[in-house]
Amino acid sequence: MTPSDAGVPPSARWRDAVVRPNVVGHRASDLHDMREANITLVLRLIRQHGPLARVAIARRTGLSRTTVSSIVDGLLAEEIVREGETLNAAPSGGRRPTLVHFNESAGIIIGVDFGRTHFTLLATDLHAHIIARKSGPCDTDLGPDVLLQRLISEIRQLVTEHHLDWDRVVGVGMGIPGPVDATLNMLVTPPRMAGWDMVDVTGILRSALGVPVLLNNDANLGALAEGRYGEAVGASNYIYVKVGTGIGCGLVIDGKIYRGSSGVAGEFGHFTIDKDGPLCACGNHGCLEAVAGAPQIVRMALSAGYGQGEAAARAPGDDEDAEVDVADVIEAALHGDMACRAAVGRAAELIGVAMAGLVNLVNPSVILLYGSVARAGELLLEPIRQAIRERSLLAASRTVRVQTSALGDSAIALGAATMVLDAIFGSPVYIEHVAGDDEAGEAPALGAVGGATNA
Ligand SMILES: [Zn+2]
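Residues numbered from 1 in each chain as written. Predicted model: local features only at pLDDT ≥ 70, side-chain atom pairs only at ≥ 80, totals over all residues.

1. Regarding the overall build of the protein chain
Right, so step 1: Scanning the protein chain from terminus to terminus reveals 17 helices and 15 strands.
Right, so step 2: Counting contacts in the protein chain only where the partners sit at least 6 residues apart, residues at least 24 apart contribute 65% of the total. (Helix = DSSP H or I, 4+ residues; strand = E, 2+ residues; numbered from the N terminus. Contact = placed C-beta atoms within 7 Å.)

2. Topic: the environment of Gln403
Right, so step 1: Tracing the backbone shows Gln403 in strand 15 (residues 401-404).
Right, so step 2: Taking the C-alpha atoms as reference, Gln403 lies 9.9 Å from Ile384; in sequence the two are 19 residues apart.
Right, so step 3: In this structure, Gln403 is in contact with Glu231, Leu368 and Leu381, ignoring residues within four places of it in sequence.

3. A word on the nonpolar core
Right, so step 1: Counting 126 residues, the largest nonpolar core has Ile297, Val329, Val344, Ile351, Met355 and Val420 as the members making the most contacts within it.
Right, so step 2: When sequence neighbours within four positions are dropped, the list of residues in contact with Ile297 reads Val326, Val329, Ala343, Val344, Ala347 and Val373. (Core = buried A, V, L, I, M, F, W, Y, C linked by C-beta atoms within 7 Å. Buried ≥ 20, exposed ≤ 12 C-beta atoms within 10 Å, placed from the backbone.)

4. Remarks on the pairing of strand 11 (residues 238-243)
Right, so step 1: Counting buried positions along strand 11 yields six of six residues, so the element is predominantly enclosed.
Right, so step 2: Side chains of strand 11 alternate between two faces, with Tyr238, Tyr240 and Lys242 and Ile239, Val241 and Val243 buried alike.
Right, so step 3: Two strands pair when backbone bridges link them, and strand 11 and strand 12 (residues 247-253) are joined in this way by six bridges, in the antiparallel orientation. Bridge pairing in strand 12 places Val241 opposite Cys249.
Right, so step 4: Hairpin connection from strand 11 to strand 12: three residues lie between these consecutive antiparallel strands. (Pairing = 2+ DSSP bridges.)

5. Observations concerning the pairing of strand 7 (residues 169-176)
Right, so step 1: Across the eight residues of strand 7, eight count as buried, placing the element largely inside the fold.
Right, so step 2: Bridge count between strand 4 (residues 108-114) and strand 7: six bridges; the pairing is parallel. Paired with Val112 across the bridge in strand 7 is Met174.
Right, so step 3: As judged from the five bridges shared by strand 7 and strand 10 (residues 213-217), these two strands associate in the parallel manner. Paired with Ile176 across the two strands is Asn217, which belongs to strand 10.

6. Things to note about the environment of Ile39
Right, so step 1: Inspection of the secondary structure assignment puts Ile39 in helix 3 (residues 31-49).
Right, so step 2: Take Ile39: there are 22 C-beta atoms within 10 Å of it, and that puts it in the buried class.
Right, so step 3: Along the backbone, Ile39 and Val72 are 33 residues apart, and their C-alpha atoms lie at a distance of 8.4 Å.

7. Side note on the packing of helix 4 (residues 54-61) against helix 5 (residues 65-77)
Right, so step 1: Contact geometry for helix 4 and helix 5: axes closest at 9 Å, N-to-C directions at 120°. Compared by their axis directions, helix 4 and helix 5 come out oblique. Where helix 4 crosses over helix 5, the handedness of that crossing is right-handed. Here Arg54, Val55, Ile57 and Ala58 of helix 4 lie close against helix 5, whose contacting residues are Arg65, Val68, Ser69 and Val72.
Right, so step 2: Counted by class, the contact of helix 4 with helix 5 contains five nonpolar, one polar and two charged residues. (Axes fitted to C-alpha atoms, helices over the stretch in contact; angles between N-to-C directions. Parallel < 35°, antiparallel > 145°, perpendicular 65-115°, else oblique. Left-handed = near helix turned anticlockwise from the far one by under 90°. Nonpolar A, V, L, I, M, F, W, Y, C, P; charged D, E, K, R; others polar.)

8. Some details on the sheet that holds strand 13 (residues 256-257)
Right, so step 1: If you trace the five strands from one edge of the open sheet to the other, you get 13-12-11-14-15, paired in mixed fashion. The open sheet has two edge strands with one neighbour each: strand 13 and strand 15.
Right, so step 2: Of the pairings in the sheet, the one linking strand 11 to strand 14 (residues 366-370) comprises five bridges and is parallel in character. Each bridged residue has a counterpart across the sheet, and for Ile239 the counterpart in strand 14 is Ile367.

9. Describing the sheet that holds strand 4
Right, so step 1: Spatial ordering of the open sheet is given by 6-5-4-7-10, a layout of five strands whose pairing is mixed. The strands lining the two open edges of the sheet, one partner per strand, are strand 6 (130-137) and strand 10. Within this sheet the neighbouring strands show an average axis-to-axis angle of 15°, counted without direction.
Right, so step 2: The strands touched by helix 7 (residues 201-209) within the sheet are strand 7 and strand 10, with strand 10 carrying the most contacts at an inclination of about 150°.
Right, so step 3: In the packing of helix 16 (residues 411-425) onto the sheet, contacts are made with strand 4, strand 5 (118-124), strand 7 and strand 10, and the angle to strand 4 comes to roughly 135°.

10. Quick notes on helix 13 (residues 338-362)
Right, so step 1: The end-to-end C-alpha distance of helix 13, which contains 25 residues, comes to 35 Å, matching closely the 36 Å that a straight helix rising 1.5 Å per residue would cover.
Right, so step 2: Residue Asn363 follows helix 13 closely and has a positive phi angle near 55°. (Expected span 1.5 Å × (residues − 1).)

11. Thoughts on unusual backbone geometry
Right, so step 1: The linkage connecting Gly50 with the following residue, Pro51, adopts the cis geometry, with an omega of 0°.
Right, so step 2: Here Pro51 lies in the loop between helix 3 and strand 1 (52-53).
Right, so step 3: Not every positive phi belongs to a glycine, and Glu79 is a case in point at roughly 65°.
Right, so step 4: As for its position among the elements, Glu79 is in the loop between helix 5 and strand 2 (81-86).
Right, so step 5: Unusually for a residue other than glycine, Ala128 sits at a positive phi of about 65°.
Right, so step 6: Relative to the elements of secondary structure, Ala128 occurs in the loop between strand 5 and strand 6.

12. Concerning the confidence of the model for the protein chain
Right, so step 1: Per-chain confidence: the protein chain averages 84 in pLDDT, with 83% of residues scoring 70 or above.
Right, so step 2: Long-range and interchain partners of residues 1-7, a stretch whose pLDDT sits below 50, account for nine contacts in this model, where long-range means more than four residues apart.
Right, so step 3: Considering only residues more than four positions removed or in separate chains, one finds that residues 312-321, a stretch of pLDDT under 50, has one contact. (pLDDT = per-residue confidence, 0-100.)

13. Let's talk about the packing of helix 8 (residues 218-229) against helix 16
Right, so step 1: Look at helix 8 against helix 16: their axes get within 7 Å of each other, and the N-to-C directions meet at 85°. It follows that helix 8 is roughly perpendicular to helix 16 by the angle criterion. Contacts from Asp218, Leu221, Gly222, Leu224, Ala225, Glu226, Arg228 and Tyr229 of helix 8 reach helix 16 at Ala411, Ile412, Leu414, Gly415, Ala416, Thr418 and Met419.
Right, so step 2: Here the residues of the contact of helix 8 with helix 16 are counted per class, giving nine nonpolar, three polar and three charged.

Spelled out as structure tokens, the structure:
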């Protein structure tokens, strides 16, 4: 049966679910809502714990077998699930039941990492497997009018270049550098993005692309991905720190992204390190990112003598072509250049001092570093570990592991796609709660189940 025969194309159900994420958690106001809530419950269960027989779905959800059969038949017609192999052993001598499988190809999610100087786009299936990827330079100084149109065309190109079906695109998740107000769903006074304050990024993308768009701070999304697929799997309290031109972090506390009262939590780069220090992009003086961000590392390396030979040989007027960026400094540091090593080491020490306070405050088990400066690896990590050892309380410092991100350049875009998947299906924490009752045969009460989204 084709999707049109079934009446509702699969993508319509998913797109609706992105913007009505907590349907299961709310009291159903009418029979339609009740049925939609039950469909969502069944789908979440099959996605996390499938393949499952219909009888097992009924037992785990507490729904009647008739209701489950009717829901599964509907989902089969919409091609959101498929029936596959049978169970190996038949229960008590009866017929071997057919298993219901989640069809992860029924929808496509677009994850966007929209950075100040680069972008990464991913297309994933409904299990967050990456099926297409695209990246390129970006310059947020060009402003939202130019860049959002460019982003829209890049997203369309990603889909067409990989011969994906746009009708199956369920939603777009986007990570952006700067504080995203959780209520307004907008960037609010981003320190390094003049012209982007209160721009309706999600509204502009949604009206151009015709699909729901969710937005969050990029470090929050990197943290989400690391906790789900990377180096923080199994950790309930961890910090994902971006060290580049700006410094920021995603904080996960008790298994949830901590966004603060208005979505601004994690602006680690604006800890004051030196109250009389250099002016920061936020308007204050001596913030961590003003004394230890990538531009400052370049400045420290140059003033310590890095590149002086080349500068002397350079003809006047060549300055722009010869501009040193942090990647050059880190490359040279890794190859033993003493001026560059000292610059990276000094920045690492300052980051470590600030991080020692964060370790005392949050007591994380893992700290993951990511960003252009994190490419320095141990040159960055070791001074940070040392500062934490010296300055945090022993009880907190001895349990924390400090290392670089495992997912690297994919983390934020993958986290952005995961945010959309969580909006539809809830986070795995929620599913475990439902599934835990399986063997006892107890049914969770529908109205009592929370949305438990992480992002
Ligand atoms: Zn600042």
